[in-house]
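Analysis of the macromolecular model
Spelled out, the chains give:
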Amino acid sequence: MSRIVLGIEYDGSGFSGWQWQTEQRSVQQALEQALSKVANHKVTVQCAGRTDTGVHALEQVVHFDAKVERELHTWVLGGNSNLPDDVRITWVKPAVGDFHARYSAIARFYRYVILNRPIKSALLRNQVTWHHSPLDADKMHQAAQHLIGHHDFSTFRAQNCQSKSPCRKMYFIDVYRDDDKVVIDISANAFLHHMVRNIAGVLIDIGAGKQDVNWTKELLEFRCRKLGGVTAPPYGLYLGAVYYPEHYGITKHPVFDKLPVDAQRHD
């Protein structure tokens, strides 16, 4: 069998998340059904990182094993012709060596977008999180810097998170204003369940003046989810890109230029 690697984008607002769920619409289901038609056999895909209900992807990386030979462009054209309008295959490559979409990844990049204005958007209602009162993006950025490095992120993980360890290495968090939006760009070697949304919820409270900029530092030390504030909605969250070792031939997103040269995957 040959292993194929895909880049896909999707609007998560109409899905119950990435993973197959009984009687629920999922991205994995849509993609596997489309690729199976092209392959003429059942295809099972593996992704770089599962996303929850309502969460989007600018670039999710997926691999699958095919029993048949197809021209690479056939996977893109045939896959997209069988996919719903809210999922698209954007590129395809043959896998190199032992490539695995999840286990070969060194880092992942997420973006959280907050529409910060008095009135909700009619057009972006499922693509951003809305916050009506002014947010101080500079204070949010300052507070976020406490989270950089290797930490126990117990305060920022979902209570039902199944990860064996709460420890992760945060490479960078940048918070900035883009007109009427506040954007949180965040990268780590791996993420816990709801970790980005929990961090976003804390930073929103700090930006709104409800908490001090040192609250993030205090929450790390508490290691208790019950003290960690509100989980931000899923609508503004995007899986932005995934970084792999160069020998796999996956194009490196420019945002990963900020990573240290010795960055390694999470075991």
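None of these values were measured; they are calculated from a predicted model.

About the thresholds
- In this numbering scheme, every chain counts its residues from 1 along its sequence in written order.
- pLDDT decides what is reported in this predicted model: residues at 70 or higher carry local features, side-chain atom pairs at 80 or more are listed and counted, and totals for whole chains, interfaces and linings draw on all residues regardless.
- Only hydrogens and water are removed before side-chain values are computed, so all heavy atoms of the structure are retained for them.
- Going along the chain from the N terminus, every DSSP run of H or I of four or more residues is numbered as a helix, and every run of E of two or more is numbered as a strand.
- When we talk radius of gyration, it's over C-alpha atoms, and the globule rule is simply 2.2 Å times the number of residues to the 0.38.
- For every residue, the accessible area (1.4 Å probe, protein chains only) is compared with the maximum for its type, and the residue is labelled buried under 20%, exposed over 50%, or partly exposed between those bounds.
- Two residues qualify as a contact provided that any one of their heavy atoms is within 4.5 Å of a heavy atom in the partner residue.
- Areas reported here follow the Shrake-Rupley algorithm with a probe of radius 1.4 Å; residue values treat only the protein chains shown as occluding.
- Neither His nor the chain ends is counted toward charge; the positive residues are Lys and Arg and the negative residues Asp and Glu.
- What counts as a salt bridge is simple: a side-chain nitrogen of Lys or Arg found within 4 Å of a carboxyl oxygen of Asp or Glu.
- The span expected for a helix works out to 1.5 Å for each residue beyond the first.

Focus: the overall build of the protein chain
The helix and strand inventory of the protein chain stands at five helices and ten strands. Here the C-alpha radius of gyration of the protein chain, 19 Å, is about what a compact globule of 267 residues would show, namely 18 Å. Across the 267 residues of the protein chain, 53% fall into the buried class. In the protein chain, the proportion of contacts linking residues at least 24 apart, taken out of those at least 6 apart, comes to 70%. For the protein chain, the accessible surface area stands at approximately 13000 Å², while carbon and sulfur atoms represent 48% of it.

Side note on the side chain of Asp205
Residue placement: Asp205 occurs in helix H4 (residues 195-207). Comment: no salt bridge for buried Asp205; closest opposite-charge side chain is Lys210, at 4.1 Å. If near-sequence neighbours (up to four positions away) are discounted, Asp205 is found in contact with Lys210, Gln211 and Trp215.

Overview of unusual backbone geometry
For Glu23, which is not a glycine, the phi torsion comes out positive at approximately 60 degrees. Classification of Glu23 by relative accessible area gives exposed; the value is 79%. The phi dihedral of Arg223 falls on the positive side, at around 55 degrees, and the residue is not glycine. Residue placement: Arg223 occurs in the loop between helix H5 (215-222) and strand S10 (237-243).

Things to note about H4
An ideal rise of 1.5 Å per residue puts 18 Å on 13 residues; H4 measures up with 18 Å between its terminal C-alpha atoms. Within H4, 13 of the 13 residues are buried, leaving the element largely enclosed by the surrounding structure. Residue Gly209 follows H4 closely and has a positive phi angle near 85 degrees.

Details of the pattern of salt bridges
Inspection of every chain in the model, using the stated rule, returns nine salt bridges. Measuring nitrogen to oxygen at the nearest pair gives 2.7 Å for the salt bridge that ties Asp65 to Arg3. Taken together, the residues Asp65 in strand S3 (residues 56-66) and Arg3 in strand S1 (residues 2-10) connect sequence positions 62 residues apart. Relative accessible area serves as the criterion here: at 27%, Asp65 is assigned to the partly exposed category. Given a relative accessible area of 28%, Arg3 falls into the partly exposed group. The shortest N-O distance in the salt bridge between Asp257 and Lys252 comes to 3.4 Å. By relative accessible area, Asp257 is classed as exposed at 56%.

So far we have only geometry, and geometry alone does not tell us how the molecule works.
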